[in-house]
Amino acid sequence: MLCQICGQQPATTHIKTIVNGKLTQAHLCAECARKQGYGNLFSDWGAGFGSLLSGLMGQPPAAAQTLRCPVCGASFEDIARSGKIGCAQCYQTFRGQLLPMIQRIHGAAQHKGKVPGGSALRVTDPNNQIVAVEESPLDEKKRLLQQAVEAQDFERAAVLRDEIKEMEQHG
């Protein structure tokens, strides 16, 4: 697949954006992506940031001060350079540095699943049976509102909207 901007280089950066519920995709080569501002998302947080802070504090940046993961030995600079987390322990070791980036990339730092509130299952303790997760009345109304909007049943959507507002105001 060729770059959608220059049409000459192979596309190596694939960008998906959702605006007002509409998905758009862009396939760009590395150079065009960089020109559009889609460089390495981790590049701003590499060694330059640490050097800046240590310079402001009056301490020379030292290689001995580099924090490393106790399991895989990766430093945050390694993660920033490659764009890949070394191991599961890296998430704990570099939590403070990774959390803002994860929020920026995914929009949230807590995993909500592929379809939040969808067909999730759980095991009940007494009988060890698998049952569907119960949906709160408010979540059910919100789901029905979304379905009504998608079906363009705006009268039903208006009624559901008012019921949701009432539920949110009265707890």
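The residue numbers shown here count from 1 along each chain, following its written sequence. Local features in a predicted model are, by the rule used here, given only for residues with pLDDT of at least 70; side-chain atom pairs are given and counted only at 80 or more, and totals for whole chains, interfaces and linings are based on all residues. Neither water nor hydrogens contribute to the side-chain values; these are computed over all heavy atoms in the structure.

### Here we look at the pattern of salt bridges
Whenever Lys or Arg places a side-chain nitrogen within 4 Å of a carboxyl oxygen from Asp or Glu, that contact is recorded as a salt bridge. Taken as a whole and judged by the stated rule, the model has 6 salt bridges. Taking the shortest distance from any N to any O, the salt bridge between Asp78 and Arg81 comes out at 3.2 Å. A residue pair is termed a helical-turn pair when its members lie 3 or 4 positions apart in one helix, as Asp78 and Arg81 do in helix 3 (residues 76-82) at 3 residues. Only protein chains enter the calculation, and the probe is 1.4 Å; a residue is then buried if its accessible area is under 20% of its type maximum, exposed if over 50%, and partly exposed in between. A relative accessible area of 61% places Arg81 in the exposed class. We note a salt bridge from Lys142 to Glu168, for which the minimum N-O separation is 3.5 Å. Separated by 26 residues along the polypeptide, Lys142 in helix 6 (residues 137-150) and Glu168 in helix 7 (residues 154-169) bring together distant segments of the chain. Helix and strand definitions here come from DSSP, where helices need a minimum of 4 consecutive H or I residues and strands a minimum of 2 consecutive E residues; each element is numbered from the N-terminal end.

### Structural notes on the packing of helix 6 against helix 7
Lines are fitted to the C-alpha atoms to define the axes, a helix being fitted only along its stretch in contact, and any angle between axes, read from their N-to-C directions, falls within 0 to 180 degrees. Running from N to C, helix 6 and helix 7 point in directions that differ by 155 degrees, and their axes come no closer than 9 Å. Looking at the two axes, helix 6 sits roughly antiparallel to helix 7. Helix 6 and helix 7 meet at a crossing whose hand is left-handed. Each of Pro137, Leu138, Lys141, Lys142, Leu144, Leu145, Ala148 and Val149 in helix 6 lies in contact with helix 7, whose residues at this interface are Phe154, Arg156, Ala157, Leu160, Arg161, Glu163, Ile164, Met167 and Glu168. Roughly parallel covers angles under 35 degrees, roughly antiparallel covers those over 145, roughly perpendicular covers 65 to 115, and oblique covers all other angles. Crossings are assigned a handedness: left-handed for a near helix turned anticlockwise from the far helix by less than a right angle, right-handed for a clockwise turn. Two residues form a contact once any of their heavy atoms are found within 4.5 Å.

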